[in-house]
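Observations on chain architecture
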Amino acid sequence: MKKHLRSFIYSKTRYSWLFTLVVMLFLSGCGHQKSVETQDITGNYFDTYVSIRIYEREETEGAISFTQLRSNVLAQCENYEKIFSRTRTDSLLTALNTTKALVVSSEPTLDMGSYETISDSAHLYRLMEQGIRYGALTHGALDITVAPLVEAWNINQGVVSIPANATIAAALSKVSYEHVHLDGAKHSITLEDGATVDLGAIAKGYIADQLKDYLVSQGVTSAIIDLGGNILCIGEKSTGPFTVGIRRPFSTPDDVLITLSISDQSVVTSGTYERYFEDNGIIYHHIIDPKVGYPADSGLQSVTIISPASTDGDCLSTACMVLGLKDSLELINSLENVEAIFITTEGDIITSEHAEDYILARNVQ
Ligand code: AMP
Ligand code: MG
């Protein structure tokens, strides 16, 4: 039975521009100022607000203009959306989910001049490969075949309802990343046993990494890529590292609990407060425990991952929300160059072994 409950959904689409603006103001307000002219590339993609601020770009001979650079970046964003979106009927992922099989093409799709691109299906293959790798590493806490559960809960769409047990059981039976087969030799992707893929937990990280590679190839040495709060830095500012804020859960987007100092790294946060509804004092959020079929109830409100690559950060932040503190700490401390900051449901801040090195300030009330 569908109930239209009091909705407390925090819509990334609606408010992420505000969050981004605040992060920007916060970024520019911190540290020393240098009167460099920044260049911004902005747009709405991936159900969120995309914002790239370039601080420095080397002027090499034959370099393309900023107008061309912006146009190329936006064309790439548009293309990534058409590859990875589960909800767009014209996306490549929808084609895969419908036909359950896809041949990976070796022909590049986008023409970016001298910059080498790959085919849409090759992007899909590569990201799914990462998703499966992290599925295995996290024993299924991250599971890219979670789509039937995401659909059953429908939390991303604004209509909120608690699915019937039978609906959850039916969805659960189709969830297992082991039903995805990637064949490198045959260049194919196959979905078995009715599996359906959702890349919402990992696509933004991958796209950020791809955009960084592109921008660096075009001479950018200092920039911040912000895909709705999924942050990836290129280098640092001329005055030093970037400052990136971690939000206080369930507060306003500008309420920064922890300030990080970041150079050339990614900062990705997954949190229960990002998309949720509340019923009878229980919060139902968008990060699903693929083994249980319900929103993860692991004692965490948010997990922030600091890592060189944003794909890793995006995969791990979602997975840790499912795994809970103990298993996550063990996992993160076993990985090189990856740090995590956890905020528990009690509001405690717990850090992985070397995460303190990145913390500039805590605004604990
Ligand atoms: P993130 O905000 O990166 O933590 O990703 C959350 C999104 O990933 C959700 O909106 C779903 O689309 C999807 N998702 C939810 N739970 C999982 C899970 N356990 N594994 C993989 N994807 C998930
Ligand atoms: Mg994620």
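**Some details on the pairing of strand S4 (residues 180–183)**
As paired elements, S4 and strand S5 (residues 188–191) share four bridges and run antiparallel to each other. Among the inter-strand pairings, Asp-183 is bridged to a residue of S5, identified as Ser-188. Connecting S4 to the next strand, S5, in antiparallel fashion are four residues, including His-187 with a positive phi near 50°.

**Concerning the sheet that holds strand S8 (residues 242–247)**
Taken together, the three strands give an open sheet; going across it, the order is S8-S9-S16, and neighbouring strands pair in antiparallel fashion. In the strand order of this sheet, the two ends are held by S8 and strand S16 (359–362), each with one partner. Shown here is a sheet whose adjacent strand axes are inclined to one another by a mean of 20°, direction ignored. Relative to S16, strand S9 (residues 256–262) runs antiparallel, the two being bridged by three bridges. If you follow Ile-258 over to S16, its bridge partner there is Arg-362.

**Here we look at the site of ligand 1**
Near ligand 1 there are 19 residues, and of these Ala-141, Asp-143, Ser-270, Ile-288 and Thr-318 occur at the shortest range. Within the contact set of ligand 1, a nitrogen atom lies 3.0 Å away from a backbone nitrogen or oxygen of Asp-143. Within the side chain of Thr-318, an N or O atom sits 2.7 Å from an oxygen atom of ligand 1. About the coverage of ligand 1: the protein hides 95% of its 500 Å² of free accessible area. Per-element tally for the shell around ligand 1: the top contributor is helix H8 (residues 310–323), with three residues. For the shell around ligand 1, the class distribution of residues is nine nonpolar, five polar and five charged.

Rules used in this analysis
Residues numbered from 1 in each chain as written. Chains lettered and ligands numbered in written order. Predicted model: local features only at pLDDT ≥ 70, side-chain atom pairs only at ≥ 80, totals over all residues. Heavy atoms only, no water. Pairing = 2+ DSSP bridges. Helix = DSSP H or I, 4+ residues; strand = E, 2+ residues; numbered from the N terminus. Axes fitted to C-alpha atoms, helices over the stretch in contact; angles between N-to-C directions. Near = heavy atom within 4 Å. Polar contact = N/O pair within 3.5 Å; in protein donor to acceptor, adjacent residues only side chain to side chain. Areas by Shrake-Rupley, 256 points an atom, 1.4 Å probe, with all protein chains shown as cover. Nonpolar A, V, L, I, M, F, W, Y, C, P; charged D, E, K, R; others polar.

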